[in-house]
Amino acid sequence: MEGIFAIWQRDLTKFFRDRARLIGSFSMPILFLLIFGGGMSGSMESMMAGNMPEGAEGFNYVEFVFPGIVAMTLLMTSIFSAMSVIEDKDFGYMKEILVSPISRVSIAIGKMLGAATIATIQGMILFLLIPFLGLSYNLMALIQVIPFMFLLGCALSGLGLLFASLIRSTQGFQLTVQILVMPMVFLSGALFPVSNMPAWMDIIVKINPVTYGVDVMKKIMIDVESMPAAVLDAMGLNLSVFGQEVTMFAEVIFIAGFAAVLVLFATFSFQRANA
């Protein structure tokens, strides 16, 4: 446990000392909020109105997209935080860790927890924008979503760790992750509903872990229980796999299992690492 805590603490200390990284990591989410939440909200609400039942004209696209923007922040921060593994290799720090008594599992878990904590903090900072966006999420819902944000951050940081343990250069890591991140964002329901997708694209949506993360966050933050079924269908909030509706509990279990599997893969990769 001491090894896990030491690695977790070091990554958090590096993060808070790097102000450029702290500020720069918000540029993409805020840009998406300005473009999709502000500039395109009217167009999106008009497009969605055609699929809404009568009496559901009060669809608020900004309310729909905000949890997706938070999930996108978790995705980008979690995965890119894993780049510190490559930097540690370059500076020799990873070699010192690998020859120390700390187990490979502790290294992977410590890195994963550090990245997930940083991602959760950045996601929570976005909550400060809620009053300025004219939104009114329930305070209890925001508190309830934080533990899941951390769980999702663990899963996504595990994915980043796996790539970081296999790739030797920061340039290669950035290129690979950029290719991976954009499809994961756009095919997750974060910015657009994922209902009525082509069959081949629907398969990608269903195997994308961010899809389930976004779905849980929206169900917690948005009052979906009071919405008509047709509205849920138009907003893509009735996710189903093989014709069976996916419950929130099943989504949480899937994310937790995804995180555990990726930590195992990253551990095996660290065992073969030659820092």
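All figures in this text were calculated on a predicted structure; none of them were measured in a lab. (Residues numbered from 1 in each chain as written. Predicted model: local features only at pLDDT ≥ 70, side-chain atom pairs only at ≥ 80, totals over all residues. Heavy atoms only, no water.)

Quick word on the environment of Leu-239
Inspection of the secondary structure assignment puts Leu-239 in the loop between α13 (229–235) and β1 (240–241). Here Leu-239 falls in the buried class, since its relative accessible area comes to 6%. In sequence terms Leu-239 and Val-194 are 45 residues apart; their C-alpha atoms lie 8.5 Å from each other. In this structure Leu-239 touches Val-194, Lys-206, Thr-211, Tyr-212, Asp-215, Gln-244, Glu-245, Val-246 and Glu-251, once residues within four positions along its chain are discounted. (Helix = DSSP H or I, 4+ residues; strand = E, 2+ residues; numbered from the N terminus. Buried < 20%, exposed > 50% of the residue type's maximum accessible area, 1.4 Å probe, protein only. Contact = heavy atoms within 4.5 Å.)

With respect to a nonpolar patch on the surface
Together, Ile-30, Leu-31, Leu-34 and Ile-35 make up an exposed nonpolar region whose accessible area comes to about 350 Å². The topology assignment puts Leu-31 in helix α3 (residues 27–39). Taking relative accessible area as the criterion, Leu-31 reaches 42% and is therefore assigned partly exposed. (Patch = residues over 30% accessible without salt bridge, like charges linked within 9 Å, V, L, I, M, F, W, Y side chains within 5 Å. Areas by Shrake-Rupley, 256 points an atom, 1.4 Å probe, with all protein chains shown as cover. Salt bridge = Lys/Arg side-chain N within 4 Å of Asp/Glu carboxyl O.)

Here we look at the nonpolar core
In globular proteins that are soluble, nonpolar side chains generally tend to be buried together. By size, the foremost hydrophobic cluster in this structure holds 73 residues, and its most contacted members are Phe-66, Phe-127, Phe-173 and Met-217. Aside from chain neighbours lying at most four places away, what touches Phe-66 is Leu-33, Leu-126, Phe-127, Ile-130, Leu-133, Leu-135, Tyr-137 and Met-221. (Core = buried A, V, L, I, M, F, W, Y, C linked by side-chain atoms within 4.5 Å.)

Re the packing of helix α5 (residues 61–81) against helix α12 (residues 209–221)
A pair of packed helices can be characterised by two numbers: the angle between their axes and the separation between those axes. Between α5 and α12, whose axes approach to 9 Å, the crossing angle comes to 135°. In terms of orientation, α5 and α12 fall into the oblique class. Classified by chirality, the crossing of α12 by α5 is right-handed. Contacts from Phe-64, Phe-66, Pro-67, Gly-68, Val-70, Ala-71, Leu-74 and Leu-75 in α5 reach Val-210, Val-214, Met-217, Lys-218 and Met-221 in α12. Taken together, the residues that form the contact of α5 with α12 break down as 11 nonpolar, one polar and one charged. (Axes fitted to C-alpha atoms, helices over the stretch in contact; angles between N-to-C directions. Parallel < 35°, antiparallel > 145°, perpendicular 65-115°, else oblique. Left-handed = near helix turned anticlockwise from the far one by under 90°. Nonpolar A, V, L, I, M, F, W, Y, C, P; charged D, E, K, R; others polar.)

Observations regarding the confidence of the model for the protein
For the protein, per-residue confidence averages 79 on the pLDDT scale, and 79% of positions sit at 70 or higher. When pLDDT is averaged over each helix and strand of the protein, the minimum, 57, is found for helix α4 (residues 41–49) and the maximum, 90, for α12. (pLDDT = per-residue confidence, 0-100.)

Some details on α5
Here α5 spans 30 Å end to end across 21 residues, near enough to the 30 Å set by a 1.5 Å rise per residue. Judged by how many residues are buried, α5 sits mostly within the fold: 19 of 21 residues are covered. (Expected span 1.5 Å × (residues − 1).)

A short note on the packing of α5 against helix α10 (residues 170–186)
Close contact between α5 and α10 brings their axes to 11 Å; oriented N to C, the two are set at 160°. Comparing their axes, α10 and α5 come out roughly antiparallel. For the element pair α5 and α10, the recorded crossing hand is right-handed. Of the residues in α10, those touching α5 at Met-72, Leu-75, Met-76, Ile-79 and Phe-80 are Phe-173, Gln-174, Val-177, Gln-178, Val-181, Met-184 and Val-185. Considering only residue class, the contact of α5 with α10 consists of 10 nonpolar, two polar and no charged.

Quick word on the packing of aromatic side chains
Using the criterion set out here, one finds three aromatic pairs in the structure. Summarising the aromatic geometry, the rings of Tyr-212 and Phe-254 are spaced 4.9 Å apart at their centres and angled 55° between planes, so their arrangement reads as tilted. In this pair, Tyr-212 is assigned in helix α12 and Phe-254 in helix α14 (residues 248–271), connecting sequence segments 42 residues apart. Chaining the aromatic ring pairs together yields one cluster made of Tyr-212, Phe-254 and Phe-258. The ring of Phe-64 has Lys-218 sitting right over it, with the charged end atom 3.3 Å from the ring centre. (Phe/Tyr/Trp six-rings, centres within 6.5 Å; stacked < 30°, edge-to-face > 60°. Lys NZ or Arg CZ within 6 Å of the ring centre and 35° of its normal.)

Concerning the side chain of Ser-157
Relative to the helices and strands, Ser-157 resides in helix α9 (residues 139–166). By relative accessible area, Ser-157 is classed as buried at 1%.

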